[in-house]
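# Residue-level structure breakdown
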Amino acid sequence: MSRRHWANLTTASALAIMLGCAGSLAQTSTSEAPATEAARSAEALPEPTPSEPPVTAAAAPDHEIVTGTVSSSSRPRDPASVDATAPVEIGTEPVTLDIPAIEMPSADPALVPPVRSPEPVPAAAPPAPVQAMPTEAAPEKPMQASVTVAPAIQGPLRAVEPVVPAPDMPKVVVEVEPGLAFAADIAARAGEAVAVRRLGERERAEIVAAYQANQNKPFWIDAKGWTAAGKRIVAQLEHAADDGLRPTDYALPVFELSDRTKLAEADIRLSGLAVLYARDARGGRLDPRKLSKLITPKLDVPSAGEVLATLAGAGDAGAALAAYNPPHEQYRRLKAKLAELREHLDDTPLVRIPAGPALKVGMRDERVPLVRARLGLGPSDDAVFDRSTALALADFQKKAGLPANGILSERTVAALGRPATAQGEEDVIAQMERWRWLPKDLGTDHIMVNVPEMRVRVIRSGKVVHEARAIIGKPESATPIFSNRMDHVIVNPSWYVPPSILKKEFLPGLAADPDYAARRGYVVTRTKGGGISVRQPPGERNALGWIKFMFPNEHAVYLHDTPNRRLFGADRRAFSHGCVRVDNPFALADQLLGPEWTSARLKSLIGKGERRINLPQPLAIHLVYNTMVVDADGKITRFDDVYGFHRLVRQALEQQG
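Computed from a prediction, not measured in an experiment: that's the story for all the values here. (Residues numbered from 1 in each chain as written. Predicted model: local features only at pLDDT ≥ 70, side-chain atom pairs only at ≥ 80, totals over all residues. Heavy atoms only, no water.)

Turning our attention to the overall build of the protein. The helix and strand tally for the protein stands at 18 helices and 16 strands. Partitioning the intrachain contacts of the protein with sequence separation of at least 6 by distance along the chain shows that 65% fall at a separation of at least 24. Element-wise, carbon and sulfur atoms account for 54% of the exposed surface of the protein, whose accessible area totals about 37700 Å². (Helix = DSSP H or I, 4+ residues; strand = E, 2+ residues; numbered from the N terminus. Contact = heavy atoms within 4.5 Å. Areas by Shrake-Rupley, 256 points an atom, 1.4 Å probe, with all protein chains shown as cover.)

As structure tokens, this is what we get:
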């Protein structure tokens, strides 16, 4: 038997004796010591393992009392020879058990706090005594010894500090997406901040939508003020006057860097100003159709969303904004001329001319010396409005965009009251404005008809390859201003009388003379609606001549030949009903139809019936109204404001300011 089994057996026997003698402990004091020793020995015994069930003493009957002591022996008896059912011999001396101390596992160094200063380690407390439970508590369960180990460290609980230092952890940086700090302020202030004068509700709504699509982040500012893109836009707006635009229309917002709300408002307002500038640069300042029903260009005004997308994605937002101005060479020359005018101070003496009746040649008035002084003429003691004064006044009126009739009218007196430099600036700016009405791309090859100049030009790759004199519409039947594409020509055309001419001329003539149309070579046809159609067949007397150049338009006008070629010799050639008559039209056709259709071949078709010939490629055609043209040397050539369109533009711009 192993030493451990022997100890368990001995301990169980001692416990049985002690329990059996519990009733006689009060009478016999000599048995107290052995019982106490047994209890102490039981305390040191290890708890039985699950594989070795503990030995228990059978409960003795109440009338049976076992007395005596366990006999000692220097050598333990062989456990195999011991009868477990036989009574245990009781000796006279107490039994001392040699039980080894319980070995505890060493503490984990990582869990032991470092010793900061030498401190005495308290001794382990002695094991607590095992108290035997009375037999009545659990008579049917085996009794087990309970061993309590005192902790090695006494005192208050301290934080455990690892001996091994913690590894360096990477820093976690949470970055807020740029601009989100302004999102709430932009969302709250967008509707009010975008209220820029002359910016329509549609454009304002598009700007707000652009911010919403951008998570209400700013486009042009950050916590430090304007971004690089914002600064370039600001710089372009500050130089709006260089392009003939009004700087006061683009007044920049003022803000403090410490005021986030103002920063957000400034960003929104700059977007609105940039959109307004871009639209103005592309011709959105005026509505040409409101000036005249005959001015019908197709404006290429960008939307607000398009402008913001272009500027936000541009490498140079300022250059992208400036690019909305016309790229044409003539526009750049006008811009240079405007800068030149502003550099030179006007030395013309300003003379206040009182109001009065209109003056014509031969009339006498006390204001005549003042008029002569204003026009830079020599002094005169005579107050007669002579021919030299009228000619000088007519030249002034022409430059001022007024009817050059040499009459001192109320409007002429008002114009004389402004400096000549100011007059020149207004004229240049009005002409620059009309260039904004043209497409940004005129076409590598195109036709240009300058109505006030009364000339037609064919331009290929930027060079004029053909030009000819033209006859334009009379002031009461003005030639319209627009752009389109020419796609075919017709040889031996018929002329269908336009409704306006039919109403004014033919109907009254037919009412007075039923043969009015027939005697002039016209064919009258009844239409299904009950009206009439008047057509002039092809021929030598046809109003369109032998050839016409067609391009679709709402005004039903085109370029064509004319039987009255002598009219091209006149300086002022405003004789038509609105169409443009071209001198030497077959030379023009030769330029447009290509080498296959020479002038000789086209002329061979004359008198052989109406024939349509398509252009090899449709060609852009622009009917423009340029009263001022600047040549390569910077010299200005002026043309009469035949229909007053220049004056209308200048006045509209002045009223807008």
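Residues with a pLDDT of 70 or more make up 72% of the protein, whose mean pLDDT is 81. Taken together, the stretch residues 24-76 has pLDDT below 50 and engages in 60 contacts with residues farther than four places along the chain or on a different chain. Note on residues 129-153: pLDDT under 50 across the span, and 22 contacts to partners over four residues away in sequence or across chains. (pLDDT = per-residue confidence, 0-100.)

Considering all chains together, one arrives at 3 cavities of 30 Å³ or more under this definition. Computed from the structure, the second largest cavity encloses a volume of approximately 90 Å³. Contributing to the lining of the second largest cavity are P297, R434, W437, L438, I481, F482, S483, L623, V624, Y625 and N626. Elements that contribute at least two residues to the lining of the second largest cavity include exactly β6 (482-491) and β14 (611-624). Looking at side-chain class alone, the lining of the second largest cavity contains 8 nonpolar, 2 polar and 1 charged residues. (1 Å grid on protein atoms, 1.4 Å probe; cavity = no way out; pocket = protein on both sides within 12 Å on 5 of 7 lines; lining within 4 Å. Points joined across faces, edges and corners; volume = space filled by probe spheres on them. Nonpolar A, V, L, I, M, F, W, Y, C, P; charged D, E, K, R; others polar.)

Turning our attention to the pairing of β14. Taken together, the 5 bridges between strand β3 (residues 445-450) and β14 define a ladder with parallel strand orientation. Bridge pairing in β14 links M448 to H622. Sheet topology note: the β6/β14 ladder contains 9 bridges and is antiparallel. Of the residues in β14, the one forming a bridge with H488 is N614. (Pairing = 2+ DSSP bridges.)

Now for the pattern of salt bridges. Any two side chains of opposite charge can pair, so long as their charged atoms come close to each other. Scanning the model with the defined rule gives 34 salt bridges in all. When the shortest N-O distance is used, the salt bridge between D249 and R246 registers 3.4 Å. Owing to a relative accessible area of 7%, D249 belongs among the buried residues under this scheme. Via salt bridges that share partners, R197, R198, R246, D249 and D280 belong to a single interconnected network. (Salt bridge = Lys/Arg side-chain N within 4 Å of Asp/Glu carboxyl O. Buried < 20%, exposed > 50% of the residue type's maximum accessible area, 1.4 Å probe, protein only.)

Turning our attention to the packing of aromatic side chains. Here the structure, examined in full by the defined rule, presents 11 aromatic pairs. With 5.6 Å between their ring centres and 85° between their planes, F506 and Y516 make a pair best called edge-to-face. Separated by 10 residues along the polypeptide, F506 in helix α15 (residues 499-512) and Y516 in the loop between α15 and β8 (523-526) bring together distant segments of the chain. We classify F506 as buried; its relative accessible area is 3%. Since its relative accessible area comes to 17%, Y516 is described here as buried. (Phe/Tyr/Trp six-rings, centres within 6.5 Å; stacked < 30°, edge-to-face > 60°.)

Look at helix α4 (residues 201-213) against helix α6 (residues 260-284): their axes get within 11 Å of each other, and the N-to-C directions meet at 130°. By the angle class used here, α4 and α6 are oblique. α6 is crossed by α4, and the crossing has right-handed handedness. Contact residues: E203, I207 and Y211 in α4; D267, I268, S271, G272, V275 and R279 in α6. Of the residues belonging to the contact of α4 with α6, the class tally is 4 nonpolar, 2 polar and 3 charged. (Axes fitted to C-alpha atoms, helices over the stretch in contact; angles between N-to-C directions. Parallel < 35°, antiparallel > 145°, perpendicular 65-115°, else oblique. Left-handed = near helix turned anticlockwise from the far one by under 90°.)

Here we come to the packing of helix α3 (residues 183-193) against α6. Packing of α3 against α6 leaves a shortest axis separation of 9 Å and a crossing angle of 50°. In terms of axis orientation, α3 runs oblique to α6. Handedness of the α3/α6 crossing: right-handed. Along the contact surface, α3 presents D185, I186, R189, A190 and A193, while α6 presents R260, T261, A264, E265, I268 and R269.

A few words now on the side chain of R573. Topologically, R573 is positioned in the loop between β11 (559-560) and β12 (574-576). Although R573 lies buried, it forms no salt bridge, and the closest oppositely charged side chain, D571, sits 5.5 Å away as judged by the N-O distance. A distance of 2.9 Å separates the side chain of R573 from the backbone oxygen of A570, its partner in a polar contact. Setting aside residues no more than four positions away along its own chain, R573 makes contact with E453, M454, R469, A470, I471, I472, L567 and F568. (Lys, Arg positive; Asp, Glu negative; His and termini not counted. Polar contact = N/O pair within 3.5 Å; in protein donor to acceptor, adjacent residues only side chain to side chain.)

Let's shift gears to the sheet that holds strand β9 (residues 532-536). Spatially, β7-β9-β8 is the arrangement adopted by the 3 strands of the open sheet, whose pairing is antiparallel. For this open sheet the edge positions go to β7 (495-496) and β8, each flanked by a neighbour on one side alone. With 4 bridges joining them, β8 and β9 adopt antiparallel strand pairing. Looking at the pairing, T525 lines up with S533 of β9.

Volume-wise, the second largest pocket comes out at about 1200 Å³. In terms of lining residues, the second largest pocket is bounded by 46 residues, among which P498, S500, I501, H577 and G578 are the most central. At the level of secondary structure, the elements contributing two or more residues to the lining of the second largest pocket comprise β7, α15, β10 (547-550) and β12. Among the elements that make up the lining of the second largest pocket, the one with the highest residue count is α15 (6 residues).

This part covers the nonpolar core. Core analysis: the largest hydrophobic core is formed by 46 residues, its most contacted members being F506, F549, L559 and L592. Not counting the four nearest positions on each side in its chain, F506 is found in contact with V497, I501, Y516, A517, Y522 and V534. Counting residues in each nonpolar core, the second largest holds 41 residues, with I186, A210, I268 and A320 among its members. (Core = buried A, V, L, I, M, F, W, Y, C linked by side-chain atoms within 4.5 Å.)

Moving on, we get to helix α8 (residues 304-312). Here α8 has its buried residues at A304, V307, L308 and L311. Angularly, the buried residues of α8 cover 95° about the axis, an arc narrow enough to put them on a single face. (Arc of directions from axis to C-beta.)

With that out of the way, let us pick up helix α12 (residues 387-399). In an α-helix, one turn spans 3.6 residues, which is why side chains three or four residues apart end up on the same side. For α12, which comprises 13 residues, the first-to-last C-alpha distance of 19 Å matches the rise-based estimate of 18 Å (1.5 Å per residue) to within 8%. Of all the residues in α12, the buried ones are T389, A390, L393, A394, F396 and Q397. Each buried residue of α12 lies within a common arc of 165° when the element is viewed along its axis, so the set occupies one face. Along α12, the residues that are exposed and aim more than 90 degrees away from the buried face are R387 and L391. Among the residues trailing α12, G401 stands out with phi positive, at a value near 75°. (Expected span 1.5 Å × (residues − 1).)

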